[in-house]
Amino acid sequence: MLTGSSSFPGFRALSVEERRRRIAEIAGLEGGALTRALETGGLDEGGAEQMVEDALGRLAVPFGVGLHFRINGRDFLAPMVIEEPSVIAAASHAAKRIRAGGGFMAETDPSIMIAQIEVHGVRDAARALTRLREATAELIAAANRAIPSLVERGGGARDLAVRDLGEGFVVTHVHVDCCDAMGANTVNTVAEALGDRVAELADGELGLRILSNYCDRRCTRVTARVPVAAFGDDTTDGPEAARGVALASRFAELDPYRAATHNKGIMNGVDAVVLATGNDWRAVEAGAHAFAARSGRYAPLATWRLVDEGTQLEGRIELPMALGTVGGALRAHDGARLALAMSGADNAAELGQLAAAAGLACNLAALRALATEGIQKGHMALHRRALAEPCGPVAP
Ligand code: MEV
């Protein structure tokens, strides 16, 4: 938990060293910890060797912080790792506007991951489903015997579901509560431990045993409200900009071509937090896009509406969020551990809420810019500054 506010006036004007000092202060981190860890990109060569095979070194990517995040009445700092200019600034800007409306409200499902055990060549699928359902207690007990340390921490297999996919394919899902771990290894252990018995019960040939990244039982939902009157600035009318955001949301709802770009903007924020905290962003991406297509038509992960007689702009995001605050890359990666410590998130649910809030904030910022002055003015100004390209200096 942070010891101070995540709102800092004038943060950008500070030197990098001074920013680190201020962040360490409110995150309750020891003074030089950020500097020491970030000097090696958060990972030394030994750490890199520990994480992957045939390592050659490490490739640095900028690490920044999204400010002003307030979720369920508590302050958070969003650690963000991303190569694209303007995303962090946009996230902070939007989080500031949302803070003016009371901040983000968030809720999270239990950390249920799905172990899939696929059996093919099943001649009587109806009989297989019945036999598997009848063996639920036996299979859950066997799953829990395979993962004693998770069971000790309060997690474990909770339930079983069986599906007939046709063409002789029967798939068994074991729902495993992974607590504060992402859980991939644990869930794969369960899938492999149950494989032979599941194939025997289904009377077919054992196929794949692996987690599903479409973890739709592990969703995070975040909502936010911005008073329309506070949505303007010197050059933009608040109600007009808010109406533009609501129309942009409808456009994404009506058109998968637009929904893909809308969701890319959301994942700018989500992935940046996921990556900073050493989590598997490909898993989160896979889950997010599968979820976006759950109705059979690819749809936006976040939507915006004018509510309360047009006085409030209300946004909502929902997506699967398989994150860990223990295990995985956090074991070897000093920078990821520090990013997690500075975020103020005390568990996987809170970290998921922060990532989803960063996604919703980036979406609001993108839609507001697109619906008013266009994206290029602010975005490209930051691009030119970042790349110092030969079109001359950028106006301050
Ligand atoms: C660019 O990284 C993201 C945007 O294209 C998102 C959007 O169009 O909503 C600006």
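The structure contained in this document is the topic of the report that follows. Fair warning: this is a prediction, and the values are worked out from it, not measured in the lab. Chains are numbered independently. Their residues run from 1 in the order of the written sequence. Reporting in this predicted model follows two pLDDT cut-offs: at least 70 for local features of residues, and 80 or more for side-chain atom pairs to be given and counted; totals over whole chains, interfaces and linings ignore these cut-offs and use all residues. Note that the side-chain values use all heavy atoms of the structure and ignore hydrogens as well as water.

## As for the overall build of the chain
Secondary structure assignment for the chain yields 14 helices and ten strands. We take the radius of gyration over the C-alpha atoms and set the globule estimate at 2.2 Å times the residue count to the 0.38 power. Its C-alpha radius of gyration of 23 Å places the chain within 12% of the 21 Å reference for a compact globule of 396 residues. Here the C-alpha coordinates of the chain stretch approximately 70 × 50 × 40 Å along the principal axes. For every residue, the accessible area (1.4 Å probe, protein chains only) is compared with the maximum for its type, and the residue is labelled buried under 20%, exposed over 50%, or partly exposed between those bounds. Residues counted as buried form 49% of the 396 residues belonging to the chain. As presented, the chain carries roughly 18500 Å² of accessible surface, and 53% of it is formed by carbon and sulfur atoms. For the chain, the centre of its 41 positive side-chain charges and the centre of its 49 negative side-chain charges are spaced 4 Å apart. Runs of E in the DSSP output that reach at least two residues are strands. Runs of H or I that reach at least four are helices, and both are numbered from the N terminus. The Shrake-Rupley method, run with a 1.4 Å probe, gives the accessible areas here. Residue values count only the displayed protein chains as cover. Here the positive residues are Lys and Arg and the negative ones are Asp and Glu; neither His nor the chain ends is included. Throughout, a charge is located at the NZ atom of Lys, the CZ atom of Arg, the CG atom of Asp or the CD atom of Glu.

## Some points on the site of the ligand
Here a residue counts as near a molecule or strand whenever at least one of its heavy atoms sits within 4 Å of it. Around the ligand, the neighbouring residues are E84, R258, T261, H262, K264, G265, N268, A366, L370 and I375. Within 3.5 Å is the distance limit for a polar contact, defined as a pair of N or O atoms, with the added protein rule that one can donate a hydrogen and the other accept it, and that residues adjacent in sequence qualify only through two side-chain atoms. One of the side-chain N or O atoms of R258 is found 2.7 Å from an oxygen atom in the ligand. K264 is positioned such that a nitrogen or oxygen atom in its side chain is 2.7 Å from an oxygen atom of the ligand. When the free accessible area of the ligand is taken as 300 Å², the share hidden by the protein chains comes to 85%. Within the residue set of the shell around the ligand, elements represented by two or more residues are helix 10 (256–276) and helix 13 (348–371). Per element, the largest residue contribution to the shell around the ligand is six residues, and it comes from helix 10.

## So, the sheet that holds strand 6 (residues 169–177)
Within the open sheet, the four strands sit side by side as 5-6-4-7. Their pairing is antiparallel. Pairing within the sheet leaves two strands with one partner each, and these edge strands are strand 5 (156–166) and strand 7 (205–212). Adjacent strand axes in the sheet meet at a mean angle of 20°, parallel and antiparallel pairs treated alike. For two strands to be treated as a pair, DSSP must find no fewer than two bridges joining them. Two elements, strand 4 (residues 112–120) and strand 6, share eight bridges in a ladder whose sense is antiparallel. The residue of strand 6 that forms the bridge with I112 is D177. Together, strand 5 and strand 6 form the strand contacts of helix 6 (residues 136–146), whose direction differs from that of strand 5 by roughly 125°. Sheet strands touched by helix 8 (residues 184–202): strand 4, strand 6 and strand 7. Its angle to strand 4, the strand with the most contacts, is close to 35°. A fitted line through C-alpha atoms represents every axis, and for helices the fit uses only the stretch in contact; the resulting angles, taken between N-to-C directions, go from 0 to 180 degrees. In what follows, a contact means two residues having at least one pair of non-hydrogen atoms within 4.5 Å.

## Topic: the packing of helix 9 (residues 238–254) against helix 13
For the pair helix 9 and helix 13, interaxial distance at closest approach is 8 Å and the crossing angle is 110°. Judged by the angle between their axes, helix 9 and helix 13 are roughly perpendicular. Contacts between helix 9 and helix 13 pair A241, G244, V245, A248 and S249 from the former with L364, L367, R368 and A371 from the latter. Residues that form the contact of helix 9 with helix 13 fall into these classes: six nonpolar, two polar and one charged. Each angle receives one of four descriptions, namely roughly parallel if under 35 degrees, roughly antiparallel if over 145, roughly perpendicular if within 65 to 115, and oblique otherwise. Ten residues, namely Ala, Val, Leu, Ile, Met, Phe, Trp, Tyr, Cys and Pro, are considered nonpolar, four, namely Asp, Glu, Lys and Arg, are considered charged, and the remaining ones, Gly among them, are considered polar.

## A word on helix 10
Taking 1.5 Å of rise per residue, 21 residues should cover 30 Å, and helix 10 covers 29 Å from first to last C-alpha, within 8% of that figure. Here the bend at a residue is taken as the angle between two axes, fitted respectively to the seven residues that end there and the seven that start there. Taken as a whole, helix 10 carries its principal kink of about 30° at M267. Among the 21 residues of helix 10, 15 are classified as buried, and the element is accordingly described as predominantly covered. The opening residue of helix 10 is D255, an N-cap whose side-chain oxygen sits 3.0 Å from the backbone nitrogen of Y257. Of the residues flanking the end of helix 10, it is G278, one or two places downstream, whose phi is positive at about 70°. To estimate how far a helix should extend, the number of its residues minus one is multiplied by 1.5 Å.

## As for the pattern of salt bridges
The rule for a salt bridge is simple: a side-chain nitrogen of Lys or Arg has to be within 4 Å of a carboxyl oxygen of Asp or Glu. For the structure shown, the criterion picks out 25 salt bridges. In this structure, the salt-bridge partner of R21 is E25, at a minimum N-O distance of 2.9 Å. Here the residue R21 and the residue E25 both occupy positions in helix 1 (residues 16–27), the gap between them amounting to four residues, near one helical turn. The partner of R99 in a salt bridge is D75, and the shortest N-O contact between them spans 2.9 Å. Taken together, the residues R99 in helix 4 (residues 87–100) and D75 in strand 2 (residues 74–81) connect sequence positions 24 residues apart. Exposure remark for R99: the relative accessible area of 21% places this residue in the partly exposed category. For D75, a relative accessible area of 9% corresponds to the buried category. Within the structure, one salt-bridge network assembled from shared partners comprises E107, D109, R221, R316 and E318.

## Description of the sheet that holds strand 10 (residues 312–320)
Strand order in this open sheet of four strands is 3-8-10-9, and the pairing throughout is antiparallel. What marks the edges here is a single partner per strand, and that holds for strand 3 (105–108) and strand 9 (302–307). Within this sheet the neighbouring strands show an average axis-to-axis angle of 15°, counted without direction. Note that strand 9 and strand 10 share six bridges and pair antiparallel. When the sheet's bridge partners are listed, T303 is paired in strand 10 with R316. Contacts from helix 9 reach strand 9 and strand 10 within the one sheet, and its direction differs from that of strand 9 by about 135°.

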